[in-house]
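# Observations on the model geometry
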Amino acid sequence: MDSGHHHGTASARRGGSGHPRRADAERNIAAILAAATTCFGKNPNASMTEIAAAAGVGRVTLYGHFASREALLSELMERALAEVAAVLDATDLDQGPADETLRALIRSSWQLLDRNLRMLHAARRALPAEAVHDHHVGILSAMERLIARGRQEGAFRDDLPSHWLVGTIYALVQAAGDQVEAGRFTSEEALGALEATLASALRRPPA
């Protein structure tokens, strides 16, 4: 994973006994993250100079907390996906029909991701594929567990490996976001297409 998050928080804590300095650092980090969210929401190609100006800090301060644009995007992606992970943590993945649980999770996750599509699009372009995947590990693990239960219940196909089914979900969610970002779908249309395509792709074939 990118170390930008840890660098930023570590910088904030190194104020030692100088609490005002630490408080200033924490305020700066909060301002930078808020400004970056807004800037990337308007323009995935937003520069560090634009973000510093929007945050009301100098470039030196910005780079002191986030060593690169990639580090900043990594932190923003981590925070956005943490919201999705919180939904997963709050959901009992062992209750109810697995296909209905998955459908509900896709819908609730999409509502969270939809707010951050441009930022996530920028992060996926800027970060190495391995780093992007690392941010999703917890979410993918939960999906794999749900897929395994659905296969046992007969709701999901078992003629293909579970890792392929999880990868299909991951790829289709990203594709839906890309279609919205490209202006080909509204958010509602993308969610509808995502749900319909996943239902078809995961359904157990007739005997």
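Residues numbered from 1 in each chain as written. Predicted model: local features only at pLDDT ≥ 70, side-chain atom pairs only at ≥ 80, totals over all residues. Heavy atoms only, no water.

Turning to the layout of surface pockets, a few remarks are in order. Estimated volume of the largest pocket: approximately 220 Å³. If you trace the largest pocket, you find it lined by D99, L102, R103, I106, A155, F156, E195, L198, A199, L202 and R203. Of all the elements in the fold, those that place two or more residues in the lining of the largest pocket are α6 (98-114) and α10 (187-202). Split into classes, the residues belonging to the lining of the largest pocket amount to seven nonpolar, no polar and four charged. (1 Å grid on protein atoms, 1.4 Å probe; cavity = no way out; pocket = protein on both sides within 12 Å on 5 of 7 lines; lining within 4 Å. Points joined across faces, edges and corners; volume = space filled by probe spheres on them. Helix = DSSP H or I, 4+ residues; strand = E, 2+ residues; numbered from the N terminus. Nonpolar A, V, L, I, M, F, W, Y, C, P; charged D, E, K, R; others polar.)

Overall, the prediction assigns the protein a mean pLDDT of 87, with 90% of residues at 70 or greater. Counting contacts from residues 1-18, a segment whose pLDDT is below 50, to residues more than four positions away or on other chains yields 28 contacts. (pLDDT = per-residue confidence, 0-100. Contact = heavy atoms within 4.5 Å.)

As a packed pair, helix α5 (residues 69-90) and helix α7 (residues 117-126) sit with axes 9 Å apart at the nearest point and diverge in direction by 130°. As the angle between them shows, α5 and α7 are arranged oblique. For the element pair α5 and α7, the recorded crossing hand is left-handed. Contacts between α5 and α7 involve R69, E70, L73, L76, M77 and A80 on the former and, on the latter, M119, L120, A122, A123, R124 and A126. (Axes fitted to C-alpha atoms, helices over the stretch in contact; angles between N-to-C directions. Parallel < 35°, antiparallel > 145°, perpendicular 65-115°, else oblique. Left-handed = near helix turned anticlockwise from the far one by under 90°.)

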